[in-house]
Amino acid sequence: MDVRSLKHFHTITECGQFTKAATQLHISQPALSNTIKSLENELGCTLFERSTKNLKLTEPGEILYKHAENVLGLFDKIYKEMEDARNVGKGKINLGMIESYRYFISHMIGIFKSKYPAVSMKVRELGPSDIVKSLESYDIHLGITSIANDHNDFKYIPIFQENYVLLTPPDHRFKNLNSIEIIDLKDETFIHSLEGFKIRETFIKACEHVGFSPSVEFETESLETACSLVENGLGISVVPESFLALNPSKRRNVVFIKDFPSKRTVYLVYQPERYLPPPIQDFIDITLQFSNEIIVRK
């Protein structure tokens, strides 16, 4: 058994048929069939039910598929780490970040590129759960997220903390108020983040604590979309304060919630066991320094 035969077996399973898998692997179907026959002979097990119309794994095949996923994933990580090691001083940094950080990232990239002009960057806006998945698969080197997950072995470094604020349309009944209490929101219509975002869960619990469940009319994973909906009078929304500081608009009002003391912590996260070349280590330092000197002061 070798990596090539495991990859062939895995591809057949994913494709559901030999013909499609052979095309994807750029080999002939007879050659692919011979690889699987050799693998079955070596293991002493039949891996596929060939009598059915649709290709189906046998019980030994299911077991092998599970292990093949892990082994091939590990090899993929090895190749990615070797590429990082070869490309010291050049290559690419893959970064995943929450949407609200987009307004800071250009400044840090500018500082970084002045030191490493040959290193390119790929920046993706991802939700917290997708950042975790992308780190696990080695699709990104670093993440900037608002949730620290205790159930993985990642390194989470707090960058800064910020308040949440209430966003309302300009003609809302709160327009002349600087602050309100949570109970004042009982009859309001909310524009909320999707399930799985920390602010949603925290705010709903705070509302339930004072005796009501907030009415959620719209759900979105985009702060920009939430702001647009608010500006058009379709509801109110709770958002991180830094997002508004860098996106001023006269089409909305900002109101503080006195009895909602929850703050958001933003983290830099990475896999400590993954090899990170010097340019990436420097980018971590730039992120920490910039966040401390610029964002916190705002």
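As a reminder, the structure under discussion sits directly above these lines.
Note that residues are indexed from 1 along each chain, following the sequence as it is written. In keeping with the predicted nature of the model, local features appear solely for residues at pLDDT of at least 70, side-chain atom pairs appear and are counted solely at 80 or more, and the whole-chain, interface and lining totals rest on all residues. Side-chain numbers come from the whole structure's heavy atoms, not from hydrogens or water.

## Remarks on the pattern of salt bridges
Here comes step 1: By definition, a salt bridge exists where a carboxyl oxygen of Asp or Glu is found within 4 Å of a side-chain nitrogen of Lys or Arg. All told, the structure shown has 6 salt bridges when counted by the stated rule.
Here comes step 2: Between Arg173 and Glu188 there is a salt bridge; the shortest N-O distance is 2.7 Å. Here Arg173 is found in the loop between β6 (155-168) and β7 (179-180), whereas its partner Glu188 is found in the loop between β7 and β8 (189-192), with 15 residues between them in sequence.
Here comes step 3: Only protein chains enter the accessibility calculation, which uses a 1.4 Å probe; a residue whose area is less than 20% of its type maximum is buried, one above 50% is exposed, and one in between is partly exposed. According to the relative accessible area criterion, Arg173 is exposed, its value standing at 54%. Helix and strand labels come from DSSP, where a helix needs a run of H or I of at least four residues and a strand needs a run of E of at least two; each type is numbered from the N terminus.

## Examining a nonpolar patch on the surface
Here comes step 1: On the surface, a nonpolar cluster with roughly 610 Å² of combined accessible area is contributed by Val3, Val71, Leu74, Phe75, Ile78, Tyr79 and Met82.
Here comes step 2: Looking at which element gives the most residues to the nonpolar patch, the answer is helix α4 (residues 59-86), with 6 residues.
Here comes step 3: Assignment of secondary structure puts Phe75 in helix α4.
Here comes step 4: Among the residues examined, Phe75 registers a relative accessible area of 30% and is labelled partly exposed. Here a patch means residues that are over 30% exposed by relative accessible area and free of salt bridges, tied together within 9 Å if like-charged and within 5 Å if nonpolar (Val, Leu, Ile, Met, Phe, Trp, Tyr). Accessible surface area values rest on a Shrake-Rupley calculation with a 1.4 Å probe, where residue burial reflects the displayed protein chains alone.

## Things to note about the side chain of His141
Here comes step 1: In this structure, His141 sits in the loop between α6 (128-136) and β5 (142-145).
Here comes step 2: On the basis of relative accessibility, which here comes to 3%, the residue His141 falls in the buried class.
Here comes step 3: Residues adjacent in sequence count toward polar contacts only when both atoms are side-chain atoms; beyond that, a polar contact is any pair of N or O atoms within 3.5 Å, and within protein one must be able to donate a hydrogen and the other to accept it. Here the side chain of His141 touches Arg274 through a polar contact of 3.3 Å, side chain to side chain.

## Observations concerning the nonpolar core
Here comes step 1: Put simply, buried Ala, Val, Leu, Ile, Met, Phe, Trp, Tyr and Cys residues joined by side-chain atoms within 4.5 Å make one nonpolar core. Counting 34 residues, the largest nonpolar core has Tyr101, Leu142, Ile144 and Phe283 as its most contacted members.
Here comes step 2: Sorting the residues of this core by element identifies β3 (92-97), α5 (102-115), α6, β5, β6, β12 (263-270) and α10 (278-295) as the ones contributing at least two each.
Here comes step 3: In contact with Leu142, other than residues within four places in its own chain, are Asn94, Leu95, Gly96, Leu135, Leu268, Val269, Tyr270, Leu276, Ile280, Phe283 and Ile284.
Here comes step 4: Formed by 18 residues, the second largest nonpolar core is a distinct cluster that contains Phe9, Cys15, Ala21 and Tyr65. For this analysis, residues touch if any pair of their heavy atoms sits within 4.5 Å.

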